Amino acid sequence: METFQIDFSLPEVQSVVSDIYSQAITGELVGMSNFAALAGTIDDPHEKMEAVEHADSERKHAEGFMAYARKAGLPVNINMEGAYWKRVRRQFLNYADKNDFIACVIIQEVMLESFAVSMYTDAGKALGGESERLFLAIADEEREHLEHSIDLLKHELSKDPVGFVDKFEEIHFNCMNILSEFSATTDLGGHCGVCHGDCMKESLHHVGLEAATLRGNALKLYASTLDRIGIPGEKSIVWIAKLPA
Amino acid sequence: MDRQTTGLDFAVIGHQDNWANIRSLINIMRTDALEALPVSKIREVYDYIPPRAIFRMHVTSPLGMTRSGLYIETFIAPDKLTADHLRENIQKVRDAVAATYRLGIPMVILGGFTSLLLEGNIDDFREYGMAVTTGNTLTAAYVIKGIEKAVRQEGKRLRDCRVLIIGATGDIGMACTNYLKGKTKGVLLCARNRARLERFGRRIENEGHEVKWSTRIDELSGSADIIISVASSSDIGVSHLKGDVIICDAGYPKNLEEKLKDHPSVKLFHGGMGQLHHGYLFDPDYTTGFYRYPAEHLGHGCIIEVILLALENRLENYTIGKGNISEEKIEEIYALSLKHGITLAPFYNGNGLWPDQ
């Protein structure tokens with residue numbers, strides 16, 4: 001396999017690495033806030049404690065990314081009000097306000113974690129060194145959240161297959177449309193409000209990444225997760241086909 | 001591995017061989033309410049999608065039985081159907097078979113490229129306990145019965161004809177050769193792999209049949225009264241043809257007629273297809289923009305083979321390996337086809353149905 005050598009002294013490389021860290025930190029803080037809100041929707045004390053624990057885990061991930069960025073002298077821009085993150089968060093809070101625990105789990109632990117696990121893995125492998133260890137370690141922990149949700153959602157599906165798939169479909173279009181616009185190779189919804197200058201998708205090649213691969217791998221993990229939950233393939237392929245691109 | 005109970009009788013694992021079909025399929029799924037995606041956008045995501053079910057098939061026999069199956073798309077990109085991508089494609093096929101198993105389906109056909117795993121003895125998926133088949137026996141049967149019918153229709157006799165088989169060392173090519181070698185004046189064998197072709201040619205010769213072989217089509221085509229093309233190649237060129245040659249194009253992609261525009265008397269049809277007369281329904285039905293045949297309810301022989309096995313409750317590995325298709329099996333599966341009201345497809349090619357169909 002061809003090895004891509006990154007020259008971290010180049011300003012364009014530092015810029016794209018800063019943007020990658022900015023997105024990761026912002027995403028973790030969104031996850032932290034979501035889990036914290038989720039804790040308020042749960043009646044079961046054990047689940048409540050678990051949500052708080054997950055929120056704390058996301059906080060630690062954000063701190064880990066921040067610590068590395070500080071050490072490496074990377075300027076980061078944390079903006080939970082950035083265009084796409086804000087919309088995702090609003091979707092989550094809509095369901096949290098209705099005490100819809102399952103919807104919250106679907107958004108945070110299936111949709112957002114699928115993207116986080118996949119993109120952290122790709123980014124980590126591309127960046128190498130300490131960044132690789134950090135991104136892959138956090139991806140492993142996020143994968144545990146994903147696995148936890150699969151067991152829970154399989155059980156939910158078995159209780160009411162038709163109702164569950166209908167509910168999942170609604171959430172898919174509410175939330176995955178945003179993530180799909182966010183990850184499209186061209187910036188469909190305008191500037192994200194997190195990247196420092198122009199959209200970093202144009203600059204990913206400086207670190208051996210490309211937007212199409214990041215998006216493709218993320219959708220692959222999301223689709224596999226839907227399969228493992230038990231969503232029929234005939235349904236999920238239509239959901240994926242209808243996403244903005 | 002978790003296994004569901006779907007009540008389905010069979011599955012078809014396949015792939016698309018061109019981006020135009022994929023564009024149609026994806027945009028039908030998107031419906032008119034959404035902007036149609038161009039191929040460039042679809043390509044960005046298509047082959048990342050793990051194999052999954054796309055639609056269900058419901059088949060009715062005139063004998064009163066019905067069977068239901070599932071089409072599982074491998075999402076192998078058409079331009080990756082090459083040796084360079086063999087390893088990843090094999091993995092996709094394996095993933096598709098695993099998906100079939102998880103759905104509790106007892107029988108599966110590996111169509112098109114995916115049959116390579118069975119033909120090449122790469123995997124027989126024994127661990128899943130499912131019946132598997134390539135469907136090649138019925139495809140070969142439809143090719144042969146089509147040739148027999150076309151020869152009769154053109155007022156010729158099979159035993160007076162020499163038949164050229166392009167792709168002779170593939171599973172379907174070998175089946176056609178073995179079936180026709182004693183019923184025709186001679187067989188002309190063409191394939192890309194010289195050593196394999198030589199071995200097969202010598203074997204036919206040692207059996208006492210008239211046979212010639214070459215890796216070059218034009219060294220054989222001038223002697224052919226009938227041509228069967230079962231090769232998977234986009235660069236097949238035919239020249240030096242007899243004016244009234246009958247051609248069955250059963251290879252992929254089908255592009256022989258484009259190269260025969262200067263031979264108006266050549267009778268070319270797309271072979272290996274059957275027609276289901278008593279019910280062949282899809283759910284969801286994506287055929288509106290996707291079905292490109294000039295007659296209703298046509299299906300590939302390989303798919304119909306698994307349908308017949310399901311109708312007959314025969315959970316067996318009907319066609320696996322290469323070179324195992326006997327004349328008896330060809331006659332048996334063709335008889336089952338007729339029993340369940342599935343006939344040879346009418347003759348057609350890229351210009352539509354033959355005028356007399």
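Quick caveat: nothing in here was measured; it's all calculated off a predicted structure.

Criteria and cut-off values
Residues numbered from 1 in each chain as written. Chains lettered and ligands numbered in written order. Predicted model: local features only at pLDDT ≥ 70, side-chain atom pairs only at ≥ 80, totals over all residues. Heavy atoms only, no water. Helix = DSSP H or I, 4+ residues; strand = E, 2+ residues; numbered from the N terminus. Rg over C-alpha atoms; globule rule 2.2 N^0.38 Å. Buried < 20%, exposed > 50% of the residue type's maximum accessible area, 1.4 Å probe, protein only. Contact = heavy atoms within 4.5 Å. Lys, Arg positive; Asp, Glu negative; His and termini not counted. Charge placed at Lys NZ, Arg CZ, Asp CG, Glu CD. Areas by Shrake-Rupley, 256 points an atom, 1.4 Å probe, with all protein chains shown as cover. Pairing = 2+ DSSP bridges. Axes fitted to C-alpha atoms, helices over the stretch in contact; angles between N-to-C directions. Domains from an automatic or database assignment. Buried area = accessible area lost by both parts, 1.4 Å probe. Salt bridge = Lys/Arg side-chain N within 4 Å of Asp/Glu carboxyl O. Polar contact = N/O pair within 3.5 Å; in protein donor to acceptor, adjacent residues only side chain to side chain. Nonpolar A, V, L, I, M, F, W, Y, C, P; charged D, E, K, R; others polar. Parallel < 35°, antiparallel > 145°, perpendicular 65-115°, else oblique. Left-handed = near helix turned anticlockwise from the far one by under 90°. Disulfide = S-S within 2.5 Å.

Asks: I'd like a description of the overall build of chain B, backed by residues and values.
Replies: The helix and strand tally for chain B stands at nine helices and 17 strands. The C-alpha radius of gyration computed for chain B amounts to 20 Å, which stays within 12% of the reference 21 Å derived for 357 residues, consistent with globular compactness. Principal axes of the C-alpha set define a box for chain B whose edges measure 55 × 45 × 40 Å. Relative to its 357 residues, chain B shows a buried fraction of 57%. Sequence separation of 24 or more characterises 67% of the internal contacts of chain B that already satisfy a separation of 6 or more. Positive and negative side-chain charges of chain B, numbering 42 and 44 respectively, have mean locations separated by a distance of 3 Å.

Asks: Describe the overall build of chain A, and please don't skip the residues or the numbers.
Replies: Counting its secondary structure elements, chain A contains eight helices and zero strands. Since a compact globule built from 245 residues should have a radius of gyration of about 18 Å, the 18 Å found for chain A is in line with a globular shape. Along the first, second and third principal axes, the C-alpha atoms of chain A reach 55 × 35 × 35 Å. In chain A, which comprises 245 residues, the proportion classed as buried is 55%. In chain A, the share of contacts with a sequence separation of at least 24, taken over all contacts with a separation of at least 6, comes to 80%. Accessible surface, chain A: about 10,300 Å² in total, of which carbon and sulfur atoms supply 52%. Here chain A contributes 22 positively and 39 negatively charged side chains, and the mean placements of these two sets differ by 2 Å.

Asks: Lay out the sheet that holds strand S15 (residues 342-344) of chain B with the relevant residues and their values.
Replies: Residues and elements named next belong to chain B. In spatial order, the strands read S14-S12-S15; together these three strands make up an open sheet with antiparallel pairing. The open sheet has two free edges, formed respectively by strand S14 (298-300) and S15, since each of these has just one partner strand. Neighbour to neighbour, the strand axes of the sheet diverge by 40° on average, direction disregarded. Bridging between strand S12 (residues 273-276) and S15 involves three bridges; their strand directions are antiparallel. Considered in S15, the bridge of Leu276 is made with Ile342. Here helix H8 (residues 301-311) sits on the sheet and contacts S12, S14 and S15; the angle it forms with S14, its principal contact strand, is near 90°.

Asks: Describe the domain arrangement of chain B, listing the residues and the values that go with them.
Replies: Residues and elements named next belong to chain B. Domain annotation for chain B reports domain 1 (10-137 + 274-344) and domain 2 (140-272). Taking the mean C-alpha position of each, domain 1 and domain 2 sit 26 Å from one another. Counting residues at the interface gives 25 residues for domain 1 and 18 residues for domain 2. When residues of domain 1 are sorted by the area they lose upon contact with domain 2, Lys322, Ile330 and Leu344 head the list and together hold 33% of the total. Counting the contacts that link domain 1 with domain 2 gives two salt bridges. Among the salt bridges present, the one from Glu331 reaches Lys145, with a minimum N-O distance of 3.1 Å. Our count for the domain 1 to domain 2 interface comes out at eleven residue pairs in polar contact (both at pLDDT 80 or more). When residues of the side of domain 1 that touches domain 2 are traced back to their parent elements, those giving at least two are helix H5 (136-153), S14, H8, helix H9 (327-339) and S15. For the side of domain 1 that touches domain 2, the element with the highest residue contribution is H9, accounting for six residues.

Asks: Just give me the short version of the pattern of salt bridges, but keep the residues and values in it.
Replies: Once the charged atoms of two side chains with opposite charge are near each other, the side chains can pair. Summed over all chains, the structure comprises 33 salt bridges over all chains. A salt bridge links Asp100 of chain A to Lys167 of chain A, with the shortest nitrogen-to-oxygen separation between them at 2.7 Å. Here Lys167 of chain A lies in helix H6 (residues 161-183) and Asp100 of chain A lies in the loop between helix H3 (83-97) and helix H4 (101-127), a separation of 67 residues in the sequence. Residue classification places Asp100 of chain A among the buried residues on the basis of a relative accessible area of 17%. Given the relative accessible area of 26%, Lys167 of chain A is considered partly exposed. With its nearest N and O atoms 2.6 Å apart, the salt bridge here joins Arg126 of chain B to Asp124 of chain B.

Asks: Could you give an account of the sheet that holds strand S10 (residues 246-249) of chain B, naming the residues involved and the relevant values?
Replies: Residue and element names in this part refer to chain B. Judged by pairing direction, the sheet is parallel, and its six strands sit side by side in the order S8-S7-S6-S9-S10-S11 without closing on themselves. Each end of this open sheet is capped by a strand with a single partner; those strands are strand S8 (211-214) and strand S11 (267-270). Neighbouring strand axes in the sheet, compared pairwise and without regard to direction, differ in orientation by 15° on average. As paired strands, S10 and S11 are joined by four bridges and run parallel to one another. Bridge pairing in S11 links Ile247 to Leu268.

Asks: Kindly report on the side chain of Glu181 of chain A, identifying the contributing residues and their values.
Replies: By secondary structure assignment, the location of Glu181 of chain A is in helix H6. Not counting the four nearest positions on each side in its chain, Glu181 of chain A is found in contact with Tyr84, Arg87, Thr186, Leu188, Gly189, Lys201 and Pro244 of chain A.

Asks: Which residues make up unusual backbone geometry, and what values go with them?
Replies: All names here are of chain B. Following Asp283, the chain continues into Pro284 via a peptide bond in cis, with omega recorded as -5°. With respect to the helices and strands, Pro284 occurs in the loop between strand S13 (280-283) and S14. For Asn121, which is not glycine, the phi torsion reads 50° and is therefore positive. Take Asn121: its relative accessible area is 62%, and that puts it in the exposed class.

Asks: Provide a residue-level description of the interface of chain A and chain B, including the pertinent values.
Replies: Opposite the 24 residues of chain A that make contact, chain B presents 23 residues. It is Glu234, Ile237 and Lys242 of chain A in chain A that bury the most area against chain B; as a group they hold 31% of the surface buried on that side. Taken together, the links from chain A to chain B amount to two salt bridges. Its salt-bridge partner being Arg56 of chain B, residue Glu234 of chain A comes within 2.9 Å of it at the nearest N-O pair. The interface formed by chain A and chain B includes nine residue pairs in polar contact (both at pLDDT 80 or more). Elements represented by at least two residues in the side of chain A that touches chain B include exactly helix H7 (211-229) and helix H8 (233-241) of chain A. In terms of residue class, the side of chain A that touches chain B is made up of nine nonpolar, nine polar and six charged.

Asks: Can you lay out the packing of helix H2 (residues 45-72) of chain A against helix H5 (residues 129-159) of chain A for me, pointing to particular residues and giving the numbers?
Replies: Residue and element names in this part refer to chain A. Two elements in contact, H2 and H5, have axes whose closest approach is 11 Å; the angle formed by their N-to-C orientations is 165°. Between H2 and H5, the angle falls in the class roughly antiparallel. Of the two possible hands of crossing, H2 and H5 adopt the one that is left-handed. Counted together, Glu47, Glu50, His54, Ser57, Glu58, His61, Gly64, Phe65, Tyr68 and Lys71 of H2 and Glu130, Ser131, Leu134, Phe135, Ile138, Glu141, Glu142, His145, His148 and Leu152 of H5 form the full contact between these two elements. A per-class count over the contact of H2 with H5 returns six nonpolar, seven polar and seven charged.

Asks: Lay out the state of the cysteines in plain terms, naming residues and giving numbers.
Replies: Evaluation of the coordinates by the stated rule reveals zero disulfides over all chains. This cysteine, Cys161 of chain B, is not joined by any disulfide, and Cys248 of chain B carries the nearest cysteine sulfur, 14 Å off.

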